[in-house]
Amino acid sequence: MLNRRTLLLAALAGCSRPPAALDVQWLGPDPTLAHRLRQALPSGPAATRRTEVLVLGAGIGGLTAARALQAAGREVTVLELDQAPGGHSRPGRVGGLPCPLGAHYLPQPGPELPELQDLLVEFGAAARPMGRWRARDEFVVHSPGERRFNGHSWEPGLLPPAPDAAGQLQQRRFAQAVAEVQQLGFGLPSARGPWTAAHQALDAQLFDTWLDAQGFSESGLRWYLDYCCRDDYGAGSDSVSAWAGLHYFASRHGFHVPGDDEEPAPPPLTWPQGNGWLVERLSAGLQAQVLTGRVGLQLDEERQGVRLRCWGPEGLEDWQARSIVLAVPLFVAQRIWRNPAPALAEARLQRAPWLVANLLLDGPLLPRLGAPLAWDNVIQGSPTLGYVNAQHQSLDPRPGPQVWTLYWALPQRERAALLSTSAPEWAARVLATLSPTHPDLPKHLQQLRLTRWGHAMAIPTPGARGQAALQALRQLPGRVRMAHADLAAYSVFEEAFMAGLEAAEALRQHG
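All chains use their own residue numbering, which begins from 1 and follows the written sequence. The model is predicted, so local features are restricted to residues of pLDDT at least 70 and side-chain atom pairs to those at 80 or more, both for listing and for counting; the totals for chains, interfaces and linings are taken over all residues. Water and hydrogen atoms play no part in the side-chain values, which are based on all heavy atoms of the structure.

Peer 1: I'm lost on the overall build of the chain in this one. Help?
Peer 2: Secondary structure elements follow DSSP: runs of H or I no shorter than four residues count as helices, runs of E no shorter than two count as strands, and numbering proceeds from the N terminus. Across its full length, the chain holds 16 helices and 20 strands. Based on C-alpha atoms, the radius of gyration is set beside the globule rule, defined as 2.2 Å times the residue count to the power 0.38. Relative to the globule expectation of 24 Å for 511 residues, the C-alpha radius of gyration of the chain, 23 Å, shows essentially globular dimensions. Taken over the C-alpha atoms alone, the chain extends approximately 70 × 55 × 50 Å along its principal axes. Throughout, a contact is declared for two residues whenever any of their heavy atoms are within 4.5 Å. When contacts within the chain are restricted to residue pairs at least 6 apart in sequence, long-range pairs at least 24 apart make up 72% of them. In these tables, accessible area is a Shrake-Rupley quantity obtained with a 1.4 Å probe, and a residue counts as shielded only by the protein chains included in the view. Here the chain displays about 21,300 Å² of accessible surface, and carbon together with sulfur accounts for 52% of that area. Charge centroids of the chain, computed over 46 positive and 47 negative side chains, lie 7 Å from each other. In this count, Lys and Arg are taken as positive residues and Asp and Glu as negative ones, while His and the chain termini are left out. Charge positions come from single atoms, namely NZ of Lys, CZ of Arg, CG of Asp or CD of Glu.

Right, dumping it as structure tokens:
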């Protein structure tokens, strides 16, 4: 439900026009709906519903599982808490322009992930000319892809240039360290890679601790590595494990120092609506099967199947099914599943809250000194992760309205404030982070839409990935299957996608 709010721009630094009311609204999921899980289980009559396979959660894992089960001839019903499918990859629109409400890009998958390569070919985002997989140019991030504001001007790329030869050596040593740990095996999804004593040792320590021990102290490199952790995991290098910090690079395309002869990592895939483009295609054949506004309350295993009590738009519903896919975060599954598998009770993950702000501009802002507007724009030293220009992929050279999507991974201690602070107050905080770099922003800003994700991402803290409980949850016997990125202890598209495929395959074979 959208609550209209207003914000006076008069108090903003750099405002050079008369005070005007800014259109500020919440956009996306309603936290009060999810918080029904905190209430006592309601009693009373419930409408009985039946299906063959029930999928709880229409994020990437749930949509992937439902799509695969439907292709296998199963009758599937998907219950989703939100008013639209997609979870943290849900697409949005502001001022008629598409934009992401969460995840906004997908790294190009390598040959070790053929299922995802096949999906992208099926969706038309890639092709196989002469049998070789290749992403289509129109869906690959156009140049310039990244820039960083150093406090005075914009510089191309996100890794700050080393100030001297010693700093350059550290960057090259880190690239070599990543190449060496790659030999241990880092899969994506991570379950496809090995898990050895060396992996366990990396998982047991903080990334900062490992970096200190290896002598990586150059400030620009350390800022960049901390930024990468906050970007992928919602927490910095002082919070995530060394396994997670290295996995960010080792599971994909390594670490490359700008200017060296090594081939750089291929640019990611992206769309104006971010990964919502993928959500739209994953859910295209499931419109009748996805039922929104449903809060799963209690799951029971019975002799002939499963029963899920949920809160629906018209009251209580009792869903009976032969089997169920729990495509929800582990903390939700722990709350609703009565008498669960022991591994579920043992699994522990911390989660990062996020704020996503979409800003509608009536046109381009005045350029600052240095590199021009890019797809990803990061302000060094800002508490935010910077902003993405949603219209960067447009081939229309004419200037016009555009949407900037700002990402803010908040400390866990600010989760309550994320929900209790008003939209105008959050809008003021967002603009305070941008106005010093873009003083003419208030003059061009038309609308501001804010999206709250109270439990957005699993944080791979030391010991999280190595939990035996997570591996056990991938191999549950019986009628209940898990399909969520939490099984990997961190939150990215590839992990959720494969968890959905694995859950569907297990039910196809044994369910």
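Moving on from the coordinates now.
Peer 1: Would you take a moment to explain the pattern of salt bridges for this structure?
Peer 2: Where side chains of opposite charge bring their charged atoms close, a pairing between them can arise. What counts as a salt bridge is simple: a side-chain nitrogen of Lys or Arg found within 4 Å of a carboxyl oxygen of Asp or Glu. As enumerated under the stated definition, the model contains 26 salt bridges in all. Ionic pairing is found between aspartate 137 and arginine 134, a salt bridge with its closest N-O pair at 3.7 Å. With a shortest N-O distance of 3.4 Å, aspartate 226 and arginine 230 are connected by a salt bridge. With aspartate 226 and arginine 230 both in helix α7 (residues 219-233) and four residues apart, the pair spans about one turn of that helix.

Peer 1: Please explain the side chain of arginine 452 as it appears in this structure.
Peer 2: Relative to the elements of secondary structure, arginine 452 occurs in strand β19 (residues 445-459). Each residue gets one of three labels from its accessible area relative to the maximum for its type: buried under 20%, exposed over 50%, partly exposed in between, using a 1.4 Å probe on protein chains only. Despite its burial, arginine 452 pairs with no opposite charge, the nearest such side chain being aspartate 30 at 5.4 Å. Counted as a polar contact is a pair of N or O atoms within 3.5 Å, where, for protein atoms, one must be capable of donating a hydrogen and the other of accepting one, and residues adjacent in sequence contribute only when both atoms are in side chains. Polar contacts involving the side chain of arginine 452 include one to the main-chain carbonyl oxygen of leucine 419, which spans 3.4 Å. Other than its neighbours up to four places away in sequence, arginine 452 contacts Trp26, Pro29, Pro31, Trp354, Leu355, Leu418 and Leu419.

Peer 1: Is there a simple way to think about the nonpolar core in this case?
Peer 2: Soluble globular proteins tend to pack their nonpolar side chains together in the buried interior. To form a nonpolar core, buried Ala, Val, Leu, Ile, Met, Phe, Trp, Tyr and Cys residues must be joined to one another through side-chain atoms within 4.5 Å. One finds Phe174, Phe207, Trp210, Tyr224, Phe249, Phe255 and Trp354 to be the most contacted residues of the largest nonpolar core, which totals 58 residues. Listed by contribution, the elements that provide at least two residues to this core are α4 (165-182), α6 (207-213), α7, α8 (242-250), β15 (350-361), β18 (402-409) and β19. Once you skip the residues sitting within four places of it in the chain, phenylalanine 255 turns out to touch Leu159, Gln171, Phe174, Ala175, Val178, Leu221, Tyr224, Phe249 and Glu262. Core analysis: the second largest hydrophobic core is formed by 41 residues, Leu119, Phe139, Ala483 and Phe497 among them.

Peer 1: Looking at this structure, how should I read helix α16 (residues 493-510)?
Peer 2: At 3.6 residues per turn, the α-helix brings residues three or four places apart onto the same side. Given a helix with a known number of residues, its expected span is that number minus one, times 1.5 Å. For α16, spanning 18 residues, the distance from its first C-alpha to its last is 26 Å, which sits close to the expected 26 Å at 1.5 Å a residue. Taken residue by residue, α16 has Phe493, Glu494, Glu495, Ala496, Phe497, Met498, Ala499, Gly500, Ala503, Ala504, Ala506 and Leu507 as its buried positions.

Peer 1: Even after reading the chapter, I still don't get unusual backbone geometry, so can you show me in this structure?
Peer 2: Excluding glycine, most residues fall at negative phi; most peptide bonds, likewise, are trans. Following serine 143, the chain continues to proline 144 via a peptide bond in cis, the omega torsion being 0°. Following the sequence through the fold, proline 144 ends up in the loop between β8 (134-135) and β9 (146-149). Cis geometry is adopted by the peptide bond preceding proline 189, which originates at leucine 188 and carries an omega value of 10°. Residue methionine 130 is not a glycine yet carries a positive backbone phi of 55°. Inspection of the secondary structure assignment puts methionine 130 in the loop between β7 (126-127) and β8. Positive phi values are uncommon outside glycine, yet asparagine 339 reaches one of about 55°. With respect to the helices and strands, asparagine 339 occurs in the loop between α10 (330-336) and α11 (342-346).

Peer 1: Explanation requested: the pairing of β18 in the structure shown.
Peer 2: Side-chain direction in a regular strand flips from residue to residue, so the side chains alternate between the two faces of the sheet. For β18, the tally of buried residues reaches eight of eight residues, placing the bulk of the element in the interior. The side-chain alternation of β18 yields two buried faces, one formed by Gln402, Trp404, Leu406 and Trp408 and the other by Val403, Thr405, Tyr407 and Ala409. When DSSP finds two or more bridges between two strands, those strands count as paired. By the bridge criterion, three bridges tie strand β17 (residues 387-389) to β18 in an arrangement that is antiparallel. In the strand pairing of β18, asparagine 389 is matched with tryptophan 404.

Peer 1: What should I look at first to understand the environment of arginine 74 in this one?
Peer 2: Tracing the sequence through the fold places arginine 74 in the loop between α2 (60-71) and β4 (76-80). Residue arginine 74 is classed as buried on the basis of its relative accessible area, which comes to 17%. For the pair formed by arginine 74 and valine 181, sequence separation is 107 residues and the distance between their alpha carbons is 42 Å.

Peer 1: Explain the packing of aromatic side chains to me, please; I cannot follow it from the model alone.
Peer 2: For any pair of aromatic rings, the description consists of the separation of the ring centres together with the inter-plane angle of the planes. Here a Phe, Tyr or Trp ring, Trp counted by its six-membered ring, pairs with any other such ring whose centre lies within 6.5 Å, and the pair is stacked when the planes are under 30 degrees apart, edge-to-face when over 60, and tilted otherwise. In this structure the tally under the stated criterion is 22 aromatic pairs. Ring geometry for phenylalanine 139 against tryptophan 277: centres 5.2 Å apart, planes inclined by 45°, an arrangement best described as tilted. One end of the pair, phenylalanine 139, is in the loop between β8 and β9; the other, tryptophan 277, is in helix α9 (residues 276-282), and 138 residues separate them in sequence. For the pair phenylalanine 139 and tryptophan 277, a shared accessibility class is recorded, and that class is buried. Among the aromatic side chains, those forming a connected cluster through ring pairs are Phe174, Phe207, Trp210, Phe216, Tyr224, Tyr248, Phe249 and Phe255. The cationic tip of arginine 252 hangs over the ring face of tyrosine 248; the distance from NZ or CZ to the ring centre is 6.0 Å. Lying over the aromatic face of tryptophan 277, arginine 281 brings its terminal NZ or CZ to 3.8 Å of the ring centre. By the criterion adopted, a ring carries a charge over it if an Arg CZ or a Lys NZ lies within 6 Å of its centre and within 35 degrees of its normal.

Peer 1: Looking at this model, I keep getting lost on the side chain of glutamine 402. Mind explaining?
Peer 2: By the element assignment, glutamine 402 lies in strand β18. In this view, glutamine 402 contacts Leu97, Leu359, Leu360, Leu361, Gly363, Pro364, Leu373, Asn389 and Gln391; residues no more than four positions away in its chain are not counted.

Peer 1: It is not clear to me how the packing of α2 against α16 should be interpreted in this structure. Could you clarify?
Peer 2: Angle between the axes and distance between the axes: these two values describe a pair of packed helices. Between N-to-C directions, angles span 0 to 180 degrees; the directions come from axes that are lines fitted to C-alpha atoms, helices contributing only their stretch in contact. One way to put it is that α2 packs onto α16 with a least axis distance of 7 Å and a crossing angle of 35°. The chirality of how α2 crosses α16 is right-handed. From α2, Ile60, Gly61, Thr64, Ala65, Ala68 and Leu69 reach across to α16, where they touch Phe493, Ala496, Phe497, Gly500, Leu501, Ala504 and Leu507. Each residue gets one of three labels, nonpolar for Ala, Val, Leu, Ile, Met, Phe, Trp, Tyr, Cys and Pro, charged for Asp, Glu, Lys and Arg, and polar for the others, Gly among them. Here the contact of α2 with α16 is built from residues that sort into ten nonpolar, three polar and no charged. The hand of a helix crossing depends on one turn: near helix anticlockwise from the far one by less than a right angle means left-handed, and clockwise means right-handed.

Peer 1: Is there a simple way to explain the environment of aspartate 231 in this structure?
Peer 2: By the secondary structure assignment, aspartate 231 is in helix α7. Considering only alpha carbons, one finds aspartate 231 and alanine 166, 65 residues apart in sequence, at a separation of 27 Å. If near-sequence neighbours (up to four positions away) are discounted, aspartate 231 is found in contact with Tyr105, Tyr248, Trp354, Leu385 and Met457.

Peer 1: Looking at this structure, how should I read the environment of phenylalanine 139?
Peer 2: Take phenylalanine 139: its relative accessible area is 16%, and that puts it in the buried class. Separated by 129 residues in the primary sequence, phenylalanine 139 and proline 268 have C-alpha atoms spaced 8.5 Å apart. The residues contacting phenylalanine 139, other than those within four sequence positions of it, are Gly124, Ala125, Pro268, Leu269, Thr270, Trp271, Trp277 and Gln393.

Interpretation in functional terms is not warranted from these geometric data alone.
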